[in-house]
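Chain by chain, the residues run as shown.
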Amino acid sequence: MKHGRLFAKIIYYAFTFLFGIVLALGIPSYFATFDIPFEYVEDAIVDGRYDQAMVIVAAFINNNSLVEKQEFAESGAVLLYEGIIIVGGPVSFDEEDSSEQLREKMLYKSYIGFVYAPQYETYSRDNNATKLLITQLDGTAKTVELLNYDDNGDGKLDGIATIARNNFIILDINQRDVDSVKAIDVIDSSGTAHRIASDLELDFQSEFFDCFEKLPEYNQTIEGYYEPNPNTSVLDGRIGDLLKEFRSNVERYPDYQINSVDSEAYIAVHSEIQKIADRRAIPIIIIYFVVIYIVGDFLLGNFYIIKFFKWFLFKVCRIPHKEKKPPKKEEVFGHDYYSMVTLSLDTTEVPDFNGSVEIKYTNSAAEVKFTLLKAENYTSTQRIKAGVYVNPFIDINRDYAPVDLPDNLEVEGYRMDKTIKIVRRKAEQESAQATDEQSEQNTENN
């Protein structure tokens, strides 16, 4: 039996601790990847740290905004910048990047930004019409999808995740979707248009976008990985050269920002995100390990937790530990009857005592309470069901105390009397001290 219990302990703690290690590694990573970045963006927008917010959404950015509407109007606070977005993860200029890391990291020219705190509804489970409507320079209109999560699992998109969690919409108007931009409207869930920007002359041609003149060649090189038997070493070399050229072009302009994995902006933002993720994960991990230990101690352990609290309460805090005395004897005829119990106080040693006294006892079925008054000679009689009553409590002037209040009140017989002596507390202490001195004297004489 002991070996079986030991084996169960080993299995339990091995499994739970291994799972705990997985949690300790996975939860911070999950927070840093999915939850914290968008919370960070929200805080950065509110604080006006727009360049830091853009680190999360663009590989390259022109920090000179095209639209910067800071008042929180019905359409929301709108921010729009020239940028280069990336598909497949952050840009890296590391020469040792493998083809697996570089694949699908295609770059696109984009007008990118945010709509913060819009005052219209973008969530609906029924025929949600939310989208971005782009009016082009030639007057034609194109749409960009904004909905990205299904709330009820019916196969239809119901809302925008960043609106639900962080109160902003990400704007990503790139060359794959439109040719130019003259005006931008957000269509809400009911189909109503809300103009967020107008009188624009944007056609993906500017000094910033000129830094990426060879962008088509870069994306064609990425597509080369999908051709039969690609020469990956050549492709890797060409991609690395183009990325370095893009970086060199951007670095010539102080207002252009590179958000590659080795850039100062990227490192600073993601370092802060990771710190926030760690702080949020630590309490969860601690609670997990505490819970598995508590469960293990109660199910498979030696009850060390209970033993600790007993030691702390009774040894350190020195709380009196009273043992409830069992009944001394059982009446032959049982306890299914009532007794007239008279409780009196002996106040001969305190003739000047004139306060009221309340004494209570309880058991699992009832509570008995005696109220003793001087007008009634400190005597009270009650009809009480026979049995043993415990947990004595006395309410008395703090200058006085009972000297013989029983821990258990045994109610038996059809009538019983009980007298409790009352003394001054100082006299009680002197009496106890005298008793101790007499005991010591007897010991010495023996």
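Description of the structure in this document. Given the structure is predicted, the values throughout are model-derived calculations rather than measurements.

Some thoughts on the overall build of the protein chain
Along the protein chain, the regular secondary structure elements total 10 helices and 18 strands. Taking all 446 residues of the protein chain together, the buried fraction comes to 38%. The contacts of the protein chain with a sequence gap of at least 6 include a subset with a gap of at least 24, amounting to 68%. Taken as a whole, the protein chain presents about 26000 Å² of accessible surface, with 52% of it coming from carbon and sulfur.

Focus on unusual backbone geometry
Residues other than glycine seldom take positive phi values, yet Asn127 does so here, at roughly 50°. Residue position: Asn127 is located in the loop between strand 4 (106–116) and strand 5 (131–135). Residues other than glycine seldom take positive phi values, yet Tyr378 does so here, at roughly 50°. Here Tyr378 is to be found in the loop between strand 13 (367–372) and strand 14 (379–385). Given a relative accessible area of 4%, Tyr378 falls into the buried group.

Quick notes on the nonpolar core
Counting residues in hydrophobic clusters, the biggest one holds 65 residues, and the most contacted among them are Phe60, Phe114, Leu132, Val181, Ile184, Phe212 and Phe246. With 8 residues, strand 4 is the single largest residue contributor to this core. Counting residues in each nonpolar core, the second largest holds 21 residues, with Val341, Leu345, Val350 and Tyr378 among its members.

With respect to the sheet that holds strand 17 (residues 409–411)
Read across the open sheet, the 4 strands follow the order 13-12-15-17; overall the sheet is antiparallel. Two strands in the sheet have a free side with no partner beyond their single neighbour: strand 13 and strand 17. Across the sheet, the mean angle from the axis of one strand to that of its neighbour is 30°, orientation sign disregarded. In this sheet, strand 17 lies alongside strand 15 (residues 387–395) in antiparallel orientation, the contact comprising 3 bridges. Within strand 17, the position partnered with Gly387 by the bridge is Val411.

Topic: the pattern of salt bridges
Counting across every chain of the model gives 13 salt bridges. A salt bridge links Glu245 to Lys214; its shortest N-O distance comes to 3.3 Å. Taken together, the residues Glu245 in helix 7 (residues 232–250) and Lys214 in the loop between helix 5 (207–210) and helix 6 (215–223) connect sequence positions 31 residues apart.

Points about the packing of helix 8 (residues 264–299) against helix 9 (residues 304–316)
Relative to each other, helix 8 and helix 9 sit at 95°, their axes nearing to 8 Å. Taken together, the axis directions place helix 8 and helix 9 in an arrangement best described as roughly perpendicular. Residue-level contacts link Tyr293, Ile294, Asp297 and Phe298 of helix 8 to Tyr304, Ile305 and Ile306 of helix 9.

Points about the pairing of strand 6 (residues 141–145)
Bridging between strand 5 and strand 6 involves 5 bridges; their strand directions are antiparallel. When the bridges of strand 6 are listed, Thr135 appears paired with Ala141. Where strand 5 hands over to strand 6, the hairpin turn is made up of 5 residues, of which Gly139 adopts a positive phi near 90°.

Details of the sheet that holds strand 18 (residues 415–424)
Strand order in the open sheet formed by 4 strands is 14-11-18-16, and the pairing between neighbours is mixed. Looking at which strands have only one partner, the edges of the open sheet turn out to be strand 14 and strand 16 (400–402). If you compare each strand with its neighbour and ignore which way they point, the axes differ by 30° on average.

Description of the side chain of Lys109
Relative to the helices and strands, Lys109 resides in strand 4. Within the buried core, Lys109 has no salt-bridge partner, and the shortest N-O distance to an opposite charge, that of Asp210, equals 6.2 Å. In this view, Lys109 contacts Gly83, Ile84, Ile173, Asn174, Gln175, Phe204, Phe209, Phe212 and Leu215; residues no more than four positions away in its chain are not counted.

Focus on a nonpolar patch on the surface
On the surface, a cluster of nonpolar side chains totalling about 800 Å² of accessible area is made up of Ile282, Ile286, Val290, Tyr293, Ile294, Phe298, Phe303, Tyr304 and Ile306. Among the elements of the structure, helix 8 and helix 9 are those that each provide at least two residues to the nonpolar patch. Per element, the largest residue contribution to the nonpolar patch is 6 residues, and it comes from helix 8. By the secondary structure assignment, Ile294 is in helix 8.

Description of helix 6
Those residues of helix 6 that sit buried are Leu215, Tyr218, Asn219, Thr221 and Ile222. Considered in projection along helix 6, the buried side chains sweep an arc of 155° and stay on one side of the axis.

Considerations on the packing of helix 6 against helix 7
Across the interface, helix 6 lies against helix 7 with an axial gap of 10 Å and an inter-helix angle of 155°. Relative to helix 7, helix 6 is oriented roughly antiparallel. Helix-helix and strand crossings are classified by hand; for helix 6 and helix 7 the assignment is left-handed. Contacts from Leu215, Glu217, Tyr218, Thr221 and Ile222 of helix 6 reach helix 7 at Leu235, Arg238, Ile239, Leu242, Leu243 and Phe246. Residues that form the contact of helix 6 with helix 7 fall into these classes: 8 nonpolar, 1 polar and 2 charged.

Criteria and cut-off values
- Residues numbered from 1 in each chain as written.
- Predicted model: local features only at pLDDT ≥ 70, side-chain atom pairs only at ≥ 80, totals over all residues.
- Heavy atoms only, no water.
- Helix = DSSP H or I, 4+ residues; strand = E, 2+ residues; numbered from the N terminus.
- Buried < 20%, exposed > 50% of the residue type's maximum accessible area, 1.4 Å probe, protein only.
- Contact = heavy atoms within 4.5 Å.
- Areas by Shrake-Rupley, 256 points an atom, 1.4 Å probe, with all protein chains shown as cover.
- Core = buried A, V, L, I, M, F, W, Y, C linked by side-chain atoms within 4.5 Å.
- Pairing = 2+ DSSP bridges.
- Axes fitted to C-alpha atoms, helices over the stretch in contact; angles between N-to-C directions.
- Salt bridge = Lys/Arg side-chain N within 4 Å of Asp/Glu carboxyl O.
- Parallel < 35°, antiparallel > 145°, perpendicular 65-115°, else oblique.
- Lys, Arg positive; Asp, Glu negative; His and termini not counted.
- Patch = residues over 30% accessible without salt bridge, like charges linked within 9 Å, V, L, I, M, F, W, Y side chains within 5 Å.
- Arc of directions from axis to C-beta.
- Left-handed = near helix turned anticlockwise from the far one by under 90°.
- Nonpolar A, V, L, I, M, F, W, Y, C, P; charged D, E, K, R; others polar.

So yeah, pure geometry; function would need other evidence.
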